[in-house]
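# Structural overview for review
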Amino acid sequence: MAKVTDVDIQVLKDLINQRFDEVKTDNTRLSGKIEQMSGQIEQMSEKIINLEIGQAKIETRMDEWKTGIDKIPDLAEKVGELKNWRQIALIIITASFGGFIGWLIRSGNRPF
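Now for a description of the structure that goes with this document. Note that the coordinates shown come from a computational prediction; the quantities given were computed from them, not determined experimentally.

Counting secondary structure elements, the protein chain contains two helices and zero strands. Since a compact globule built from 112 residues should have a radius of gyration of about 13 Å, the 46 Å found for the protein chain marks it as more spread out than a globular shape. Oriented by its inertia axes, the alpha-carbon framework of the protein chain measures out at about 155 × 25 × 20 Å. Carbon and sulfur atoms make up 64% of the accessible area of the protein chain, which totals about 11,000 Å². Counting 16 positive and 17 negative side-chain charges, the protein chain places the averaged centre of each group 15 Å from the other.

Taken together, the side chains of Asp70, Asp74, Glu77 and Glu81 define an acidic patch exposed on the protein surface. Here the element with the most residues in the negative patch is helix H2 (residues 72-109); it accounts for three residues.

Taken together, Phe97, Phe100, Ile101, Trp103, Leu104 and Ile105 make up a surface patch of nonpolar side chains, about 630 Å² in accessible area. Note that Phe100 resides in helix H2. The exposure class assigned to Phe100 is partly exposed, which follows from its relative accessible area of 44%.

This brings us to helix H1 (residues 6-70). The terminal C-alpha atoms of H1 lie 92 Å apart, and with 65 residues this matches the ideal 96 Å at 1.5 Å per residue to within 8%. Along H1, the sharpest kink reaches roughly 35 degrees, centred on Glu64.

In this section: the pattern of salt bridges. Under the criterion given, the structure shown has two salt bridges. Put simply, Arg19 and Glu22 hold a salt bridge, and the shortest N to O gap is 3.2 Å. Of the two residues, Arg19 and Glu22 are both situated in helix H1; the distance of three residues between them amounts to about one turn of the helix. Classification of Glu22 as partly exposed rests on a relative accessible area of 34%. The residue Asp26 makes a salt bridge to Arg29 at a minimum N-O spacing of 3.6 Å. In this pair, Asp26 and Arg29 both sit in helix H1, three residues apart, roughly one turn of the helix.

Calculation rules
- Residues numbered from 1 in each chain as written.
- Predicted model: local features only at pLDDT ≥ 70, side-chain atom pairs only at ≥ 80, totals over all residues.
- Heavy atoms only, no water.
- Helix = DSSP H or I, 4+ residues; strand = E, 2+ residues; numbered from the N terminus.
- Rg over C-alpha atoms; globule rule 2.2 N^0.38 Å.
- Areas by Shrake-Rupley, 256 points an atom, 1.4 Å probe, with all protein chains shown as cover.
- Lys, Arg positive; Asp, Glu negative; His and termini not counted.
- Charge placed at Lys NZ, Arg CZ, Asp CG, Glu CD.
- Patch = residues over 30% accessible without salt bridge, like charges linked within 9 Å, V, L, I, M, F, W, Y side chains within 5 Å.
- Salt bridge = Lys/Arg side-chain N within 4 Å of Asp/Glu carboxyl O.
- Buried < 20%, exposed > 50% of the residue type's maximum accessible area, 1.4 Å probe, protein only.
- Expected span 1.5 Å × (residues − 1).
- Bend = angle between axes of the 7 residues up to and from the residue.

Right, dumping it as structure tokens:
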């Protein structure tokens, strides 16, 4: 076996130190990315909070509108009923008016 010389030991020390330096630079890169990601996570949490507040406002407004929205089918039914009553009233008025004119015409042919 060959004896280990001081030069070989120095080469090994340099190699180990180089690897440690690479690990340190990798760690600093990772810590920078971690800080960046934590900042992004904070921004996302703020956006989520804003979305939740907006959703609560929308839900409140929908609750206010719910009573009006629930009345729409009843109103549609009433409008339908009024439409039918208008048609019936128009038919009755037209028939009455036509009958009255017919009565006037028939009575005009008779001598008094």
